[in-house]
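# Secondary and tertiary structure notes
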Amino acid sequence: MEFSQQLSTTPKSAEERAKILADPGFGDYFTDHTAVVDWTQDASGKGVWHDARIEPYGPIMMDPAASVLHYGQEIFEGLKAYRHADGSVWTFRPEANAARFNTSARRLALPELPTDVFIDSLKRLVSVDVDWVPSGEGEALYLRPFMIATEAFLGVRPSHEVSYRVIASPAGNYFGGELKPVSIWLSTQYARAGHGGTGEAKCGGNYAASLAAQLEAEANDCKQVLFLDPTNDFAVDELGGMNVFFVFTDGTLVTPELNGNILHGVTRSSVMELARERGLTVQERKITIDEWRSAAADGSLAEVFACGTAAVITPIGELKTTDESIVTPETGKGSVAMAIREQLLGIQTGTIEDTHGWLTRLV
Ligand code: COI
């Protein structure tokens, strides 16, 4: 599919861009362009993707009755573009994100997008906004593909008109400032997902459902919320926006199994692969809050960390709730989490050889 291109007549100046890139933070600034592909279903039910284009970044004109605004028919993805030392720009396992996007699309009754269109949209957007790809340590251009139901219709049924878009945002540490262990809030009142729900889809509704608990977390000086499954012995599900891993002193790495509630993280699966290669025993299994508590108490729990595209790998120093605090020992720079983080970032930024075939060149 060919993308047409309309360049912005008011791009940010080189000075403005340099100021943003000096301290990008996460999710505050956006590049000058956006990629768009529309989808329309005709009366016979046949849907077609059409009008692929790069256009200036700006507000979306949408009917107030558009179904995304009422029923949340929406999905998204997150991946990053990394600058290598020779100036080339690469992304990490985009076909995995494209596949997950289509899994999410099926769950939200949205049309699937061909993988080549997904990857081309990233290439086209990053080519035109290549000056926005940062080169600082741990920095990248965060790419946010998303799909929204744009038909103006208030009946509850899948939209006949959809828009696929990609925006890009220069990104540093998701949690701001220097990387350091974060405190996590254990939500006892709210769940993020239920069996048969949308937990493993990457849809806005899951994140909206996490926000009341996220407010509680922030009020208690915590950066993220841990959600449990109250119908499954209070098993650990995931954090508001990332997967969670446990390292035990016997060299076992444990992460909750994919049970329909949990997002199939691309970083999650990469961490498991790198950990296996390092000789760790990797287990995807149920891990309850009781096990977490007792392993921390008897000293068999060595580390806990969060992972995701945005978070990369971030150590969890403490799990807090109203009446308890479970502290993870301080293992600092010698930790498994930090070693895998360095390896992953090294592969992504081209300083460590990509022996897995995980990188795709964008520019
Ligand atoms: C990502 O890691 O890319 C996400 O979509 C999670 C969100 C918390 C930023």
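Residues numbered from 1 in each chain as written. Predicted model: local features only at pLDDT ≥ 70, side-chain atom pairs only at ≥ 80, totals over all residues. Heavy atoms only, no water.

## Examining the site of the ligand
Put simply, the rule is: Definition of nearness: a residue and a molecule or strand are near each other if at least one heavy atom of the residue lies within 4 Å of the molecule or strand. Polar contacts, as counted here, are pairs of nitrogen or oxygen atoms within 3.5 Å of one another; within protein the pair requires one atom able to donate a hydrogen and one able to accept it, and residues that are adjacent in sequence qualify only if both atoms are side-chain atoms. Throughout, the Shrake-Rupley method with a 1.4 Å probe supplies accessible areas, and for residues the shown protein chains are the sole cover considered. For this classification, the nonpolar set comprises Ala, Val, Leu, Ile, Met, Phe, Trp, Tyr, Cys and Pro, the charged set comprises Asp, Glu, Lys and Arg, and every other residue, Gly included, is treated as polar. Where each domain begins and ends follows an automated or database-derived domain assignment.
Around the ligand, the structure places Phe76, Gly78, Tyr142, Arg144, Tyr174, Lys202, Gly241, Gly308, Thr309 and Ala310. Within the side chain of Tyr142, an N or O atom sits 2.6 Å from an oxygen atom of the ligand. A distance of 2.8 Å separates an oxygen atom of the ligand from a polar backbone atom of Ala310. When the ligand is considered free in solution it has 280 Å² of accessible area, and contact with the protein chains removes 91% of it. Here the shell around the ligand is composed, by residue class, of 4 nonpolar, 4 polar and 2 charged. Three or more residues apiece are contributed to the shell around the ligand by two domains, here domain 1 (4-171) and domain 2 (182-348).

## Examining helix 6 (residues 211-219)
To be explicit about the condition: Burial classes follow relative accessibility: with a 1.4 Å probe on protein chains only, a residue under 20% of its type's maximum area counts as buried, one over 50% as exposed, and anything between as partly exposed. A helix here means a DSSP run of H or I that spans at least four residues, while a strand means a run of E at least two residues long, and both kinds are numbered starting from the N terminus. The directions considered for the arc are those from the helix axis to the C-beta atoms. By the convention used here, residues are in contact when the closest approach between their heavy atoms is within 4.5 Å.
Where helix 6 is concerned, the buried positions are Ala213, Gln214 and Ala217. Mapping the buried residues of helix 6 onto a view down its axis gives an arc of 105°, with all of them on the same face. Facing away from the buried side of helix 6 by over 90 degrees, the exposed positions are Leu215 and Ala219. As for helix 6, its buried residues are in contact with strand 9 (182-186) and strand 10 (224-229).

## Quick word on the packing of helix 3 (residues 94-107) against helix 4 (residues 115-128)
Applicable threshold: Interaxial angle, 0 to 180 degrees, is taken between N-to-C directions of lines fitted to C-alpha atoms, where a helix line uses only the stretch in contact. Note on terminology: angles under 35 degrees are roughly parallel, angles over 145 are roughly antiparallel, angles of 65 to 115 are roughly perpendicular, and the others are oblique. Two helices that cross are described as forming a left-handed crossing if the nearer one is turned anticlockwise from the farther one by less than a right angle, and a right-handed crossing if clockwise.
One can describe the packing of helix 3 onto helix 4 by two numbers: an axis separation of 9 Å at closest approach and a directional angle of 125°. The pairing of helix 3 with helix 4 is recorded here as oblique in orientation. Helix 3 and helix 4 meet at a crossing whose hand is right-handed. Contacts between helix 3 and helix 4 pair Pro94, Glu95, Asn97, Ala98 and Phe101 from the former with Thr115, Phe118, Ile119 and Leu122 from the latter. Per-class residue counts for the contact of helix 3 with helix 4 are 6 nonpolar, 2 polar and 1 charged.

## As for the domain arrangement of the chain
The parts lose accessible area when they come together, and the size of an interface is often stated as this lost area. Quick note on the threshold: Accessible area that two parts lose when put together, with a 1.4 Å probe and added across both, is what the buried area reports. A carboxyl oxygen of Asp or Glu within 4 Å of a side-chain nitrogen of Lys or Arg is what we treat as a salt bridge.
In terms of domains, the chain is made up of domain 1 (4-171) and domain 2 (182-348). Each of domain 1 and domain 2 has a C-alpha centre, and these two points are 27 Å apart. With 19 residues of domain 1 at the interface, the matching set in domain 2 holds 20 residues. When domain 1 packs against domain 2, the two sides together hide about 1700 Å² of surface, and 59% of this comes from carbon and sulfur. Among the residues domain 1 hides against domain 2, the three largest losses belong to Phe76, Phe92 and Arg100. Together they make up 34% of the total. At the junction of domain 1 with domain 2, the criterion picks out 0 salt bridges. Taken together, domain 1 and domain 2 are joined by 12 residue pairs in polar contact (both at pLDDT 80 or more). Counting residues per element, the side of domain 1 that touches domain 2 draws most heavily on helix 3, which supplies 5 residues. Across the side of domain 1 that touches domain 2, the residue classes break down as 9 nonpolar, 4 polar and 6 charged.

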